[in-house]
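A look at the structure
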Amino acid sequence: MTKGNRWTSAIIPALLIHIPIGTVYCWSVFKQLIADRLHASPASVEWGFSLAIFFLGMSAAFAGPMVEKNIRKSALVSMICFVVGFAGTGVSIALNFLPGVFICYGVIMGVGLGVGYLTPVKNLMLWFADNKGLATGIAVAGFGLAKAIASPVMEFLIGAVGLVAMFYILAAVYAVMMLIGFLLIKRPAGWVYDPATSHVSRRSILGKPVFWGIWIAFYINITCGLALISQEKDILHDVLKAFPQYAGLSPTEFAAAIAGVIGLVLAVDSVFNTAGRVGFSTLSDHLKRRETVYQVIFIMSIAVCVLQMAVNSIDNALLWAVLAMLFLVNAGYGGGFSTLPVLLDQHFGTKTVSTTHGLTLSAWAFAGLSGNQLAAFVVAHAPDQAHRYAALIPVLAGLFTVGLISISLVTYFGGRCEVREA
């Protein structure tokens, strides 16, 4: 197989699929606009995003065998569900029908997200057998970069043509991108689907302690990442409010003054998230045991949380320490996604990776429902509301420690697992 074939048959179609579906993380760009137009509370509208992440994880859990058997079919299913769901969201908004947003953005598009996320992964590992981590990292980086690419485009289109038309225009653009991805993607020459070795019993996989060690670690990494990400604007707001140059400003003036700073921080967050996806997965290619990467991620995350508690960075307005926490947790959050497929490959084998990857992505579904809610609960019930965001950090440190223990047990139980054929 030539280098050119690797790019046109694996990398490029993976990016053409992952960049469109990664725009699910652009939800914050238009969620308030949807709430205003439909005269609904932001909390009720938020279920559109929660449902999308839930159906992403659950559809991936069940789509594994289809991806193993027919990658072209899964690419087509992903394109149809994602585009129909995205465009249908625009139609639902135009009709002032909030349940339609939940059905289209949450359920239909969510299924497209899950199938599309899973589709290119094994293909990349087959084409790049010597650098599986790097290959999957590049593709999953497309999912992480999508927010940085699409957010300004969405904001421009909303200002130029309106909210509903934005959905229609981007649905057409994404349809073209994903159609090209569908036409290009293919397995390496000589690869033949063998149902005898590729079909495995999900019950057999779920019966392995190693699987649950990985599942719990993955779930905790996402839950903690989402919990912190969901509060980072408010944390930055409190930290910057203590700066002398902002003292005496009215709330409106203060919001205008810090908008650029927060926008810059969120952009750098995206860069660290993407760098983590490529960097940590590439690092895994050079380690004997790929779960070591997860150990590094958890130790790094625990360290920055302990740093916050030691110097009381949020209450003392130590911006450098707060930024270190946000950037490094974001990098670990991204790295956990990109390292997962090659970690599962190490323990369960390449032949079954689509099935095992899909099952593990169910953790993403539950983390999507629990991450934001965990942070909101801790902040709302902090004994001292003047220090409510600082109260979140020890909770995250404790959860990251549980994740470190879980992934360390994977090393203990180690070795390649043998899964029973279906």
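Think of each chain on its own: its residues are numbered from 1, step by step along the sequence as written. The predicted nature of this model means local features are confined to residues of pLDDT at least 70 and side-chain atom pairs, given and counted, to a pLDDT of 80 or more, with totals for whole chains, interfaces and linings taken over all residues. Side-chain numbers here rest on the full set of heavy atoms in the structure, without hydrogens or water.

1. Here's the deal with the overall build of the protein
Condition: Each helix is a run of DSSP H or I of at least 4 residues and each strand a run of E of at least 2, with the numbering of both proceeding from the N terminus. Each radius of gyration is computed over the set of C-alpha atoms, and the globule rule expresses the reference value as 2.2 Å times the number of residues to the power 0.38. We call two residues contacting when some pair of their heavy atoms lies within 4.5 Å. His is not counted, nor are the chain ends, whereas Lys and Arg count as positive and Asp and Glu as negative. A charged residue contributes its charge at one atom only: NZ of Lys, CZ of Arg, CG of Asp or CD of Glu.
From N to C terminus, the protein includes 18 helices and 0 strands. Against the compact-globule benchmark of 22 Å for 422 residues, the protein has a radius of gyration of 21 Å, which places it among compact chains. Look at the contacts in the protein between residues 6 or more apart in sequence, and 84% of them connect residues 24 or more apart. Mean positive and mean negative side-chain charge positions of the protein (25 and 18 charges, respectively) differ by 13 Å.

2. Section: the environment of A139
So the rule is basically this: A 1.4 Å probe rolled over the protein chains alone gives each residue an accessible area, and that area as a share of the maximum for its type sets the label: buried under 20%, exposed over 50%, partly exposed in between.
Along the chain, A139 falls in helix 7 (residues 132–161). Given a relative accessible area of 2%, A139 falls into the buried group. C-alpha separation for the pair A139 and I11, spaced 128 residues apart in sequence, amounts to 6.5 Å.

3. Re the nonpolar core
Threshold: The definition of a nonpolar core used throughout is a set of buried Ala, Val, Leu, Ile, Met, Phe, Trp, Tyr and Cys residues joined through side-chain atoms within 4.5 Å.
One finds V24, F30 and W364 to be the most contacted residues of the largest nonpolar core, which totals 116 residues. Examining the composition of this core, we find that 13 residues originate from one element, helix 15 (residues 319–348), more than from any other. When sequence neighbours within four positions are dropped, the list of residues in contact with V24 reads F49, A52, I53, Y105, M109, L113 and F143.

4. Here's the deal with the side chain of T360
Operational definition: Counting of polar contacts relies on pairs of N or O atoms within 3.5 Å, with two restrictions inside protein: one atom must be capable of donating a hydrogen and the other of accepting it, and residues adjacent in sequence are counted only when both atoms are side-chain atoms.
Inspection of the secondary structure puts T360 in helix 16 (residues 353–360). A distance of 2.7 Å separates a polar side-chain atom of T360 from the backbone oxygen of T356. Among all residues touching T360, those that are not within four sequence positions of it are F211, I214, W215, F218, L340 and L344.

5. Some details on the pattern of salt bridges
Operational definition: Whenever a carboxyl oxygen of Asp or Glu lies within 4 Å of a side-chain nitrogen of Lys or Arg, that contact is scored as a salt bridge.
One pass over the full model with this rule turns up 5 salt bridges. As a salt-bridge pair, K31 and E46 come within 3.1 Å of each other at their nearest N and O atoms. Taken together, the positions of K31 in helix 2 (residues 27–37) and E46 in the loop between helix 3 (42–45) and helix 4 (47–69) put the pair 15 residues apart, joining distant regions of the chain. Residue D285 is joined to R290 by a salt bridge in which the shortest nitrogen-to-oxygen separation is 3.1 Å. We classify R290 as buried; its relative accessible area is 14%.

6. A look at the confidence of the model for the protein
Reading fine detail from the predicted coordinates is not recommended where pLDDT is low. We count it as follows: Per residue, pLDDT captures the predictor's confidence, and it can take any value from 0 to 100.
Of all residues in the protein, 95% have pLDDT values of 70 or greater, and the mean over the chain is 87. Confidence scores differ between elements of the protein, with helix 9 (residues 195–198) showing the lowest mean pLDDT of 63 and helix 8 (residues 163–184) the highest of 97. Long-range and interchain partners of residues 418–422, a stretch whose pLDDT sits below 50, account for 16 contacts in this model, where long-range means more than four residues apart.

7. Observations concerning the side chain of S9
Here S9 shows up in helix 1 (residues 3–21). Overall, S9 belongs to the buried group, its relative accessible area being 1%. Residue contacts for S9: discarding those within four places in its chain leaves N123, W127, L184, I185 and K186.

8. Details of helix 15
Just so we agree on the cut-off: Multiplying one less than the number of residues by 1.5 Å gives the expected span of a helix. Bend at a given residue is defined as the angle between two axes, one fitted to the seven residues that end at that position and one fitted to the seven that begin there.
Helix length check: helix 15, at 30 residues, gives a terminal C-alpha distance of 43 Å against a target of 44 Å (1.5 Å per residue), a fit within 8%. Remark: the principal bend of helix 15, roughly 40 degrees, maps to T339, with a proline, P341, within the next four residues. One or two steps after helix 15, the chain reaches G349, where phi turns positive at roughly 95 degrees.

9. Structural notes on the packing of aromatic side chains
In this description, an aromatic ring pair is defined by two values, namely the gap between the centres and the angle between the planes. This is how the line gets drawn: Two rings from Phe, Tyr or Trp (for Trp, the six-membered ring) form a pair when their centres are within 6.5 Å of each other. A pair whose planes differ by under 30 degrees is stacked, one over 60 is edge-to-face, and the rest are tilted.
Tallied over the entire structure, the rule returns 27 aromatic pairs. Taking the centre distance of 5.9 Å and the plane angle of 55 degrees together, the rings of F82 and Y174 count as tilted. Placement of F82 in helix 5 (residues 71–94) and of Y174 in helix 8 is noted, with a sequence separation of 92 residues between them. Side by side, F82 and Y174 carry an identical accessibility label, which is buried. Measuring from centroid to centroid gives 4.9 Å for F86 and F167, while their planes differ by 50 degrees, and the two rings are tilted. Placement of the pair is F86 in helix 5 and F167 in helix 8, with a sequence separation of 81 residues. For the pair shown, F86 and F167 are each scored as buried.

10. Quick look at the packing of helix 6 (residues 98–127) against helix 7
Where we set the bar: With axes taken as lines fitted to C-alpha atoms, and helix axes fitted only over the stretch in contact, angles between N-to-C directions fall between 0 and 180 degrees. Put simply, angles under 35 degrees are roughly parallel, angles over 145 are roughly antiparallel, angles from 65 to 115 are roughly perpendicular, and the rest are oblique. For any helix crossing, the convention is left-handed if the near helix is rotated counterclockwise from the far helix by under a right angle, and right-handed if that rotation is clockwise.
Where helix 6 meets helix 7, the closest approach of the two axes is 9 Å, and the angle between their N-to-C directions is 155 degrees. On the basis of the axis angle, helix 6 is roughly antiparallel to helix 7. Regarding helix 6 and helix 7, the two cross each other, and that crossing is right-handed. Contact with helix 6, carried on its side by Y117, V121, L124 and M125, involves K132, A135, T136, A139, V140 and F143 of helix 7 and no other residues of that element.

11. Some words on helix 18 (residues 392–413)
Under the 1.5 Å per step criterion, the end-to-end length of helix 18 is 32 Å for 22 residues, consistent within 8% with the ideal 32 Å. For helix 18, the elements touching its buried residues are helix 11 (209–229), helix 14 (291–311), helix 15 and helix 17 (362–380).

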